[in-house]
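# Examining the three-dimensional arrangement
Next come the chains, spelled out residue by residue.
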Amino acid sequence: MTFLPFTRPSIDEDTIAGVADVLRSGWITSGPQVKAFEEQLSAYLGGRTVKTVSSGTAALEIALQLCGVGPGDEVITTPISWVATANSVLHVGATPVFVDVDIATRNIDLGKIEAAITPRTKAILPVDLAGLPVDRERLYQIARRHHLRVVEDAAQSMGARYRGQRVGAFGDLVAISFHANKNMTTGEGGALVLPDPADGTMFEKLRLQGVVRLADGTMEVDVAGGKANLTDIAARIGIGQLARVEAFNARRRELARHYFACLDQDLRCALPLADFADTNWHMFQVLLPLGELTLSRGEFIAQMREREIGIGVHYPAIHLYALYRQRGFCEGQFPNAERIGRETVTLPLFPAMSLEDVERVCEAMASVLRPALR
Ligand SMILES: *Cc1c(COP(=O)(O)O)cnc(C)c1O
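Keep in mind it's a predicted model, so treat the numbers as computed, not measured.

### Considering the site of the ligand
- As a structural note, the neighbourhood of the ligand is formed by 17 residues, with Thr57, Asp153, Gln156, Ser177 and Lys182 the closest of them.
- For the ligand, an oxygen atom lies 2.8 Å from a polar atom in the backbone of Gly56.
- With respect to the ligand, the side chain of Thr85 contributes an N or O atom lying 3.5 Å from a nitrogen atom.
- Starting from 380 Å² of accessible surface for the ligand in isolation, the protein chains cover 95%.
- Sorting the residues of the shell around the ligand by element identifies helix H3 (56-66) and helix H4 (84-91) as the ones contributing at least two each.
- At 3 residues, the largest contribution of residues to the shell around the ligand is made by H3.

Right, dumping it as structure tokens:
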């Protein structure tokens, strides 16, 4: 039996040939491929300005900088995400303020945001976990009422929809990641959707050393920008992936549906929200009923691995990492996030999987969990 990883990118031969052409062209850093990729992303996302960067993390950091977030400011965010989300707030010198998640959606609990707003709050940084969009209507009602900016961490929700509209097509700043594990990839890379095209110049400065090219062929620098431009090599991968992202997401939906049909309800795992309208099914995550099991999550993962199945953990609660404990966070503050952090496991889900692979995962889960149920 071959090993089934929890995710794997799908790169086609046309893209590989396209990358080879870029490598032979003599121009491999940011150039015509980046320009074309940004135009295609903008068209896919409804026409707003889209700028690429070298990672989703860079997109988040530049977005916060464009909002003027810095030392002394607070940003409200979720404790259940890849640690990049909260780290980006620290990186611009601001303070992350966590709000617990909703146990059903596993996204930030919108009903608890207003209690966390202080005079120092500058922005809300929600995450569409596993590609399930946060309720944008309620989110923007809160943001408008309190005059807050929103940076949507849409790293996982490329191609997902909210009430028929693509994530990124509306709202404030929207940050996307093209990391190898995301629904479409450039190897490493990211993008930011800018609601105000006038922010494009500042974005470009922050992306590349603050440099502005002048008409007379010289340059000026008036901002300490970073170094986060995307290469043409990566952009060419992105062009090949963007053409297939709708098909990828349709396949993910199909596989997710099959999980719902095949997973044994007697195993008492908490399933994700069965949404087939909006989510892009970036991940299929279940919560293990650890209180009713004689094995730990680590033992479950090891026994699935013995059956040649890769299981992921996305994610431990961010506030319980050493970096955040040192900043005063502790156990008991965000019970839903802590429960998810303890119990969550990510089952294999990627476009090249077969329906039989899904069945194999479900059978393996039953064989591991059934004897361990109290
Ligand atoms: C992947 C991810 C990021 C960071 O993206 P990178 O491209 O890895 O820098 C940020 N937030 C979330 C929710 C992610 O899943």
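### A few points about the environment of Gly72
- Positionally, Gly72 belongs in the loop between H3 and strand S2 (74-77).
- A relative accessible area of 38% means that Gly72 is categorised as partly exposed.
- With 54 residues separating them along the chain, Gly72 and Gly18 place their C-alpha atoms 46 Å apart.
- Contacts of Gly72, omitting those with residues within four sequence positions, involve Gly93 and Arg120.

### Details of helix H8 (residues 245-262)
- The first and last C-alpha atoms of H8 sit 26 Å apart over 18 residues, in line with the 26 Å expected at 1.5 Å per residue.
- Of the positions making up H8, those classed as buried are Val245, Phe248, Asn249, Arg252, Leu255, Ala256, His258 and Tyr259.

### Points about the domain arrangement of the protein
- Taken domain by domain, the protein comprises domain 1 (13-242) and domain 2 (246-372).
- Across the contact, 38 residues belong to domain 1 and 36 residues belong to domain 2.
- Here domain 1 meets domain 2 over a buried area of about 3000 Å², counting both sides, of which 57% is carbon and sulfur.
- When the buried area of domain 1 at its contact with domain 2 is split by residue, Phe98, Arg106 and Asn183 rank highest and sum to 23% of it.
- Counting across the domain 1 and domain 2 interface gives 1 salt bridge.
- The salt bridge involving Arg166 is made with Glu246; its shortest N-O contact spans 3.4 Å.
- The tally of links from domain 1 across to domain 2 stands at 21 residue pairs in polar contact (both at pLDDT 80 or more).
- Every element with two or more residues in the side of domain 1 that touches domain 2 is listed here: H4, strand S3 (95-98) and strand S6 (161-162).
- When grouped by side-chain class, the residues that make up the side of domain 1 that touches domain 2 number 20 nonpolar, 12 polar and 6 charged.

### Here we look at the packing of H3 against helix H6 (residues 200-207)
- Across the interface, H3 lies against H6 with an axial gap of 10 Å and an inter-helix angle of 130°. Classed by the angle they form, the pair H3 and H6 counts as oblique. Taken as a pair, H3 and H6 cross one another with a handedness that is right-handed. In this structure, H3 uses Ile62, Gln65 and Leu66 to contact H6, whose residues at the interface are Met202, Phe203, Leu206 and Arg207.

### Structural notes on the nonpolar core
- Core analysis: the biggest nonpolar cluster contains 32 residues, and Tyr259, Phe284, Phe300, Met304, Leu347, Met365 and Leu369 have the highest contact counts within it.
- Counting only elements with at least two residues in this core, the list comes to H8, strand S12 (284-287), helix H9 (297-306), strand S13 (344-347) and helix H12 (355-369).
- Per element, the largest residue contribution to this core is 8 residues, and it comes from H12.
- Residues Leu60, Ile62, Leu125 and Val151 belong to the second largest nonpolar core, which totals 25 residues.

### Topic: the pattern of salt bridges
- Inspection of every chain in the model, using the stated rule, returns 21 salt bridges.
- Where Arg325 meets Glu331, a salt bridge forms, and the shortest distance between an N and an O atom there is 3.2 Å.
- The network of salt bridges with shared partners includes Glu38, Lys51, Glu204 and Arg207.

### Here we look at the side chain of Ser42
- Here Ser42 is to be found in helix H2 (residues 32-44).
- Judged by relative accessible area, Ser42 falls into the buried class, the value being 14%.
- Within the structure, Ser42 has its side chain in polar contact with the backbone oxygen of Arg48 (distance 2.6 Å).
- Excluding anything up to four places from it in sequence, Ser42 contacts Gly47, Arg48 and Val50.

### Some thoughts on the sheet that holds S3
- Reading across from one edge, S1-S9-S8-S5-S4-S2-S3 is the order of the 7 strands in this open sheet, with mixed pairing throughout. The outermost strands of the open sheet, each flanked by one partner alone, are strand S1 (49-53) and S3. Pairs of neighbouring strands in the sheet enclose a mean axial angle of 25°, with direction left out of account.
- With 2 bridges joining them, strand S4 (residues 121-125) and strand S5 (residues 149-153) adopt parallel strand pairing. Note on S5: the bridge partner recorded for Ile124 is Val150.
- The strands touched by H3 within the sheet are S1, S2, S4, S5, strand S8 (173-177) and strand S9 (190-194), with S8 carrying the most contacts at an inclination of about 165°.

### Focus: the packing of H3 against H4
- Two elements in contact, H3 and H4, have axes whose closest approach is 9 Å; the angle formed by their N-to-C orientations is 40°. In terms of orientation, H3 and H4 fall into the oblique class. The interaxial crossing formed by H3 with H4 has right-handed handedness. Every residue of H4 that contacts H3 at Thr57, Leu60, Glu61 and Leu64 is listed here: Ala84, Thr85, Ser88, Val89 and His91.
- Classifying every residue of the contact of H3 with H4 gives 4 nonpolar, 4 polar and 1 charged.

Rules of the game
- Residues numbered from 1 in each chain as written.
- Predicted model: local features only at pLDDT ≥ 70, side-chain atom pairs only at ≥ 80, totals over all residues.
- Heavy atoms only, no water.
- Near = heavy atom within 4 Å.
- Polar contact = N/O pair within 3.5 Å; in protein donor to acceptor, adjacent residues only side chain to side chain.
- Areas by Shrake-Rupley, 256 points an atom, 1.4 Å probe, with all protein chains shown as cover.
- Helix = DSSP H or I, 4+ residues; strand = E, 2+ residues; numbered from the N terminus.
- Buried < 20%, exposed > 50% of the residue type's maximum accessible area, 1.4 Å probe, protein only.
- Contact = heavy atoms within 4.5 Å.
- Expected span 1.5 Å × (residues − 1).
- Domains from an automatic or database assignment.
- Buried area = accessible area lost by both parts, 1.4 Å probe.
- Salt bridge = Lys/Arg side-chain N within 4 Å of Asp/Glu carboxyl O.
- Nonpolar A, V, L, I, M, F, W, Y, C, P; charged D, E, K, R; others polar.
- Axes fitted to C-alpha atoms, helices over the stretch in contact; angles between N-to-C directions.
- Parallel < 35°, antiparallel > 145°, perpendicular 65-115°, else oblique.
- Left-handed = near helix turned anticlockwise from the far one by under 90°.
- Core = buried A, V, L, I, M, F, W, Y, C linked by side-chain atoms within 4.5 Å.
- Pairing = 2+ DSSP bridges.

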